[in-house]
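# Remarks on the overall topology
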Amino acid sequence: MSLTLGYWAGIRGRVEPINLLLLHSGVNFEFKGYTSLPEWAADKASMGFDFPNLPYLIDGDVKLTQTLAILRYLARKLNLGAKTEPEIRRMDLIEQQADELMQSCIRIWYNPESVKNPEKSLNDIQMPSKLEQVVKFMGENKYVFGDNVTYVDFMLYSYLDYIRQYYPDIITKNAAISSYLDRIEALPAVNKYINGEKFHRLPITGPFASWGEMPTVGYWDCRGLCEPIRLILVQAGVEFEDKRYKSKEEWAEDKFSLGFEFPNMPYLIDDEGKFTQSLAIMRYLARKHDMGATNETEQRQLDLLEQVAIELLQTCGRTWFNAEALKDPAKTLSESLVPKLEQMAKFIGDKKFLLGDRVSYVDMILYSVLDYIRLFIPDFVTRESALTSFLERVETLPNIKKYIHSDKFSRMPVTGPTALWGNKKE
């Protein structure tokens, strides 16, 4: 097996979990390290990716971007994933929880004021309690899911080690986390790698979510990360309680009493369990209601498209909380968002939905994100006929059409009260 893995040279970042997975599996691969933006730009448009980005993986005819899409593909291929539906649900959950640890830290690491006081910045995002939740989730397991290593172990190890480099005390004072890191580092291939000349702890960064009861969906009183979940249930014809919290105090009353392993919003409570993390919830509902993949090719596509849609949302989301960027949002986002929308329009082309004629959960994510952008900067969406036609097709699905014309639906607010855009009702 010969693969090519591409990322920025000398930076651990988002590629390290993929790198460790391949090393642990004994897979021969070429690492293509880019040393500058011009070098990456020279390759970016010519390599045949639907959504050019770093990291990337080339495995024969399979060409993938997006870290989680790559990891999930390799986990299926190399038998490092879940085997049963209950395991899949738990793996989706801890995958997203690990990714949230990373996202939380990224927000700190790109804030000049936050990095001045590592202890305070990590306490501000409740990192100690998040680590204890991970410890409780793992219990007495050797690895995340028992005696067998999974792809999530390489995510969790990498991101915990990054935190250890940033503020060692928060890790070293947690014996269970420290022991877990030691066990991963004792894996033969990992041990050889971290003790070799190619491994460096730094740099990490670049320079610059009882049977028969009605399901309950809980979130803030806005669309945000929860709207795709609502749309999946609506499209599946599932009645549900839409629990909307009006204040932090109201949420605090429920947060630790509902029995979640990782208390957060959005959440879902149904006859099979209690779930948090928006993507873990959506993937679970997709499997349950036949809105997911039916084969490996579709799975790769959905993993990729899911992450691309989330990236579109995150790109906008950073602007919605930034007063300076909101002075001229079109200018702010012209280089970072417009090319991604053009790529998505090209991918959709004349397809009815993302997988063709069949509706998937990612259609609900993409619809929501594109509608948010349409509300924010209409021209960014309306200039692409493929995107406007896609939005119209989703809105004419019978169940969706009924929902968006009911009093249960409102275009706004998109964001919560702390955002600077999208936090007011229509």
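Residues numbered from 1 in each chain as written. Predicted model: local features only at pLDDT ≥ 70, side-chain atom pairs only at ≥ 80, totals over all residues. Heavy atoms only, no water.

### Structural notes on the environment of F49
You can see F49 is positioned in the loop between helix 2 (37-44) and strand 3 (56-59). Residue F49 is classed as buried on the basis of its relative accessible area, which comes to 9%. When the C-alpha atoms of F49 and L160 are compared, they prove to be 30 Å apart, with 111 residues separating the residues in sequence. When sequence neighbours within four positions are dropped, the list of residues in contact with F49 reads Y56, L57, I58, K63, L64 and T65. (Helix = DSSP H or I, 4+ residues; strand = E, 2+ residues; numbered from the N terminus. Buried < 20%, exposed > 50% of the residue type's maximum accessible area, 1.4 Å probe, protein only. Contact = heavy atoms within 4.5 Å.)

### Looking at the packing of helix 11 (residues 227-235) against helix 13 (residues 278-288)
It is at 10 Å that the axes of helix 11 and helix 13 come closest, and there the two elements cross at 10 degrees. By the criterion of interaxial angle, the relationship of helix 11 to helix 13 is roughly parallel. Listed contacts from helix 13 to P228, I229, I232 and L233 of helix 11 are S278, I281, M282 and L285. Residue composition of the contact of helix 11 with helix 13, by class: seven nonpolar, one polar and no charged. (Axes fitted to C-alpha atoms, helices over the stretch in contact; angles between N-to-C directions. Parallel < 35°, antiparallel > 145°, perpendicular 65-115°, else oblique. Nonpolar A, V, L, I, M, F, W, Y, C, P; charged D, E, K, R; others polar.)

### Looking at the sheet that holds strand 6 (residues 241-245)
In spatial order, the strands read 6-5-7-8; together these four strands make up an open sheet with mixed pairing. With one partner strand each, in any of the chains shown, strand 6 and strand 8 (273-276) form the two edges of the open sheet. Taking the axes of each pair of neighbouring strands and ignoring which way they run, one obtains an average angle of 15 degrees across the sheet. Bridge count between strand 5 (residues 216-220) and strand 7 (residues 267-270): three bridges; the pairing is antiparallel. Its bridge partner lying in strand 7, T216 is registered against I269. Across the sheet, helix 13 lies against strand 7 and strand 8, angled at about 35 degrees from strand 7, the strand it touches most. (Pairing = 2+ DSSP bridges.)

### A look at the pattern of salt bridges
One pass over the full model with this rule turns up 40 salt bridges. In this structure, R12 and E16 form a salt bridge, with 2.9 Å as the shortest nitrogen-oxygen distance. For R12, a relative accessible area of 4% corresponds to the buried category. Ionic pairing is found between K243 and E250, a salt bridge with its closest N-O pair at 3.6 Å. With relative accessibility at 24%, the residue K243 sits in the partly exposed group. What you see here is one network of salt bridges that share partners, running through R72, R76, E85, R89, D92, E95, R283, R287, E296, R300, D303 and E306. (Salt bridge = Lys/Arg side-chain N within 4 Å of Asp/Glu carboxyl O.)

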